[in-house]
Amino acid sequence: MQIEVLPSAGSPRIPYLEDKLVIVIDVLRATSTMVTALANGCQAIIPALTPEEALEKRLTLPGSLLGGERHALPIEGFDLGNSPFDYVPEKVGGKRIVMTTTNGTRAIRDASAAPLIWMASFLNMQSIVLAILRQFQTDCKFQGIVVFCAGTEERFDLPDTLCAGMMIEALGTNVVLNDLGEAARILYRSSENQLVDMIRNSAHGQRLMSLGLERDLVYCSTPNILPIIPVLEEGEIVWLTKG
């Protein structure tokens, strides 16, 4: 199994994606929040690149909510921010949410040429790994995996890379990695018993801490608590129920 890890949304070199399974990771906090929203009964999440695009999309979806952030802060006039704790059942149950974030929704857009795109986080990593193994144990149409780490404003992001490393480690030794994939695996192996501390000390983690969002950080660093695979289907992120 060949795995190529990309460092951030907006990476200058996007590999050929038409025969790849893409995994998008934005630990702090977009993919963590998407997983949580679906677990709490959200019907679908529609990713948008900008707040303006989100507002336009919401006009075509009566009853939908607006969610997201810019630079970790809620967007003025939106119904929800990007904290997973905003996406409780009483707010999101049965709702579509149009979401735009600084890095995560951009990474999803960058991956749009791929035939299959899943959203991963620490929260749902075991389910992602098991689904990958099922895909590649059958007569798989994919010629490998591309992992889009969303990064932080086009820069390397430690939490996303740790999460990619966790996935690679769980997939076993029968993998062929690019250099960043190998680095992610080494980083995870050296940090797996201190994930929260590593993430807390990252630049993105420090940003959330400065905003009083340590609860978000600790939650988003918790592995394997939600058995959900969010998949992009016809422009909407929904809970994968087949395959």
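What comes next concerns the included structure.

Reading guide: rules and limits
- Residues numbered from 1 in each chain as written.
- Predicted model: local features only at pLDDT ≥ 70, side-chain atom pairs only at ≥ 80, totals over all residues.
- Heavy atoms only, no water.
- Helix = DSSP H or I, 4+ residues; strand = E, 2+ residues; numbered from the N terminus.
- Rg over C-alpha atoms; globule rule 2.2 N^0.38 Å.
- Buried < 20%, exposed > 50% of the residue type's maximum accessible area, 1.4 Å probe, protein only.
- Contact = heavy atoms within 4.5 Å.
- Lys, Arg positive; Asp, Glu negative; His and termini not counted.
- Charge placed at Lys NZ, Arg CZ, Asp CG, Glu CD.
- Pairing = 2+ DSSP bridges.
- Arc of directions from axis to C-beta.
- Salt bridge = Lys/Arg side-chain N within 4 Å of Asp/Glu carboxyl O.
- Phe/Tyr/Trp six-rings, centres within 6.5 Å; stacked < 30°, edge-to-face > 60°.
- Disulfide = S-S within 2.5 Å.
- 1 Å grid on protein atoms, 1.4 Å probe; cavity = no way out; pocket = protein on both sides within 12 Å on 5 of 7 lines; lining within 4 Å.
- Points joined across faces, edges and corners; volume = space filled by probe spheres on them.
- Nonpolar A, V, L, I, M, F, W, Y, C, P; charged D, E, K, R; others polar.

What follows concerns the overall build of the protein chain. Looking only at helices and strands, the protein chain has 10 helices and 11 strands in total. For 243 residues, the compact-globule estimate of 2.2 N^0.38 gives 18 Å, and the protein chain sits close to it at 16 Å. Dimensions of the protein chain, computed from C-alpha atoms along their principal axes, come out at roughly 45 × 40 × 35 Å. Taken over 243 residues, the protein chain has a buried fraction of 56%. The long-range share in the protein chain, meaning contacts at least 24 apart out of those at least 6 apart in sequence, stands at 75%. A gap of 2 Å separates the mean positions of the 20 positive and 28 negative side-chain charges of the protein chain.

Sheet topology places strand E10 (residues 230-233) next to strand E11 (residues 236-239); four bridges connect them, and they run antiparallel. Across the sheet, the residue bridging to Glu233 is Glu236, located in E11. Remark: two residues form the turn of the hairpin made by E10 and E11, two consecutive strands paired antiparallel; Glu234 in that turn has positive phi of roughly 50°.

Attention now moves to helix H2 (residues 51-59). Every α-helix carries 3.6 residues per turn, so stepping three or four residues along brings you back to the same face. Along H2, the residues that are buried comprise Pro51, Glu53 and Ala54. One face of H2 carries all of its buried residues, which in axial projection span an arc of 155°. Summarising the geometry of H2, the exposed residues directed more than 90 degrees from the buried face are Glu52, Glu56 and Leu59. Looking at the buried positions of H2, the neighbouring elements they touch are strand E3 (44-47), strand E4 (65-70), strand E6 (96-100) and helix H4 (104-110).

This part takes up the pattern of salt bridges. Considering all chains together, one arrives at 12 salt bridges under this definition. Between Glu182 and Arg185 there is a salt bridge, and its shortest N-O distance comes to 2.8 Å. Taken together, the residues span about one helical turn, with Glu182 and Arg185 both in helix H7 (residues 179-191) at a distance of three residues. Overall, the relative accessible area of 30% leaves Glu182 in the partly exposed class. Bridged by salt links that share partners, the residues Glu53, Lys57 and Arg109 form one connected network.

A separate point is the packing of aromatic side chains. Each aromatic ring pair is specified by the distance between its two centres and by the angle formed by the two planes. Throughout the structure, instances matching the rule amount to one aromatic pair. Taken together, a centroid distance of 5.3 Å and an interplanar angle of 55° make the contact between Phe85 and Tyr219 tilted. Note that Phe85 is positioned in the loop between strand E5 (73-74) and helix H3 (89-92) and Tyr219 in helix H10 (residues 214-220), a separation of 134 residues in sequence. On the accessibility criterion, Phe85 (29% relative accessible area) is partly exposed.

Before going further, it helps to spend a moment on the state of the cysteines. For the coordinates displayed, the defined rule picks out zero disulfides. Cys42 takes part in no disulfide bond, and the closest cysteine sulfur to it belongs to Cys220, at a distance of 16 Å. Its sulfur unpaired, Cys149 is 8.0 Å from the next cysteine sulfur, which belongs to Cys163.

By the element assignment, Ala72 lies in the loop between E4 and E5. Judged by relative accessible area, which is 10%, Ala72 ranks as buried. The sequence separation of Ala72 and Asp19 amounts to 53 residues, and the corresponding C-alpha distance is 33 Å. Each residue touching Ala72, except ones within four places of it in the same chain, is listed here: Arg29, Arg207, Leu208, Leu211 and Leu213.

So, on to unusual backbone geometry. Following Leu28, the chain continues to Arg29 via a peptide bond in cis, the omega torsion being 15°. By secondary structure assignment, the location of Arg29 is in the loop between strand E2 (21-25) and helix H1 (30-39). We note that Asn224 has phi near 60°; this positive angle belongs to a residue other than glycine. The topology assignment puts Asn224 in the loop between H10 and E10.

This part covers the layout of surface pockets. As a volume, the largest pocket reaches approximately 290 Å³. Counting only elements with at least two residues in the lining of the largest pocket, the list comes to helix H6 (158-170) and helix H9 (203-210). For the lining of the largest pocket, the element with the highest residue contribution is H9, accounting for four residues. When the residues that make up the lining of the largest pocket are grouped by side-chain class, the tally is seven nonpolar, nine polar and seven charged.

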